[in-house]
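Here is how the chains run, residue by residue.
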Amino acid sequence: MKKFKNIAVVAVYALVATIGLSSFTNTASDGYSIGDKVKDVRLKNVDGKMVSMADYKDAKGFIVIFTCNTCPYAVASEDRIIALDKQFKGKGYPVIAINPNDPAVQPDDTYELMQQKAKQKNFTFPYLYDESSTVYAQFGAKKTPHVYLLQKEGGDMVVKYIGAIDDSVRDAAGVTKTYLADAVNALLAGKEVPVKETRAIGCSVKV
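A. Structural detail: the nonpolar core. Residues Ile63, Leu149 and Leu180 are the most contacted members of the largest nonpolar core, which totals 28 residues. Sorting the residues of this core by element identifies β4 (61-66), α2 (72-88), β5 (95-99), α3 (111-121), β6 (127-129), β8 (146-153) and α5 (179-188) as the ones contributing at least two each. Ignoring sequence-local partners within four residues, the contact set of Leu149 consists of Phe62, Ile63, Tyr93, Val158, Val159, Lys160, Tyr161, Leu180, Ala183, Val184 and Leu187. Counting residues in hydrophobic clusters, the runner-up holds 23 residues, among them Val38, Val51, Ala141 and Val205.

Following this line, the structure appears as C-alpha cells:
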C-alpha cells in the first residue's frame, strides 16, 4: 500500500510539473505567429516623442524591424531599411524600427547613440527605444534585424510575414530573394504572401 501511495505522489508531482511547464512555455513571450493579432506599441522615438501604430491613421500596415546601432548585420541592413521605407511608406506600409537591446549589456546601444545613428543615416522612419525590453518579447524577436510585416484587417493589425529582409543580410550586392518587399507587394496586390516565414539572421538581442 505504501508503495502504491509513493507512486501516486510521484504521478501527481509529474502532472503538476507538466502543467506548470506547459503554462510557462505557452505565453506571450513566445511571440507572434503568422495570423496573430498584434497589440499596439507606444515607445519613445529618437526625437523624444512617443510613437504608436495608432498614430498612423491611414496606414494599411507596418514594416516593424527590430534593429540596433551595433550589430554588423543590422548596420549592413540600414540602407535597405531606409529604401524599404521610401518604397512603401507612401503606399501605406511605413517602417517602424525598434531597438530592443539593453545598453547595460551592449553599451553602444544607448538612447543617445540611437539619436546619433538616426541623424547620421538620415533615418526617414521612427527609431524607437524598447527601454523596458517588453515589446521585443511581445513580438518574439530573437535577432537584430528581425522583421514583422503587419496588415490592417478591420481594427486589428495582423502578422503576415516574419523573418529576414532578404537572403543576403551581410551583403546587399548578393541579394537574390527580396522576401520582405515581395510580401508587401503581394499584400498591395491583394494576394497571399508567397513566403510567410524565413529565418532571421543577425545578432542575438542583448538583454
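Anyway, onward from the coordinates.
B. Seen up close, the layout of surface pockets. In this structure, the largest pocket spans a volume of roughly 170 Å³. Around the largest pocket, the lining is made up of 14 residues, and of these Met53, Ala54, Lys152, Gly155 and Met157 lie nearest the centre. If you list the elements that add at least two residues to the lining of the largest pocket, you get β1 (37-38) and β9 (156-163). Looking at the lining of the largest pocket residue by residue, the class counts come to six nonpolar, two polar and six charged.

C. The arrangement of the sheet that holds β8 in detail. Spatial ordering of the open sheet is given by β1-β9-β8-β4-β5-β6-β2-β3, a layout of eight strands whose pairing is mixed. Edge positions in the sheet fall to β1 and β3 (50-52), since each of these pairs with one other strand and no more. Sheet topology note: the β1/β9 ladder contains two bridges and is antiparallel. From the neighbouring strand, Lys37 faces β9, where its bridge partner is Val158. Contacting β2 (42-45), β5 and β6, α3 runs over the sheet at an angle of about 180° to β6.

Scoring rules and cut-offs
- Residues numbered from 1 in each chain as written.
- Predicted model: local features only at pLDDT ≥ 70, side-chain atom pairs only at ≥ 80, totals over all residues.
- Heavy atoms only, no water.
- Core = buried A, V, L, I, M, F, W, Y, C linked by side-chain atoms within 4.5 Å.
- Buried < 20%, exposed > 50% of the residue type's maximum accessible area, 1.4 Å probe, protein only.
- Helix = DSSP H or I, 4+ residues; strand = E, 2+ residues; numbered from the N terminus.
- Contact = heavy atoms within 4.5 Å.
- 1 Å grid on protein atoms, 1.4 Å probe; cavity = no way out; pocket = protein on both sides within 12 Å on 5 of 7 lines; lining within 4 Å.
- Points joined across faces, edges and corners; volume = space filled by probe spheres on them.
- Nonpolar A, V, L, I, M, F, W, Y, C, P; charged D, E, K, R; others polar.
- Pairing = 2+ DSSP bridges.
- Axes fitted to C-alpha atoms, helices over the stretch in contact; angles between N-to-C directions.

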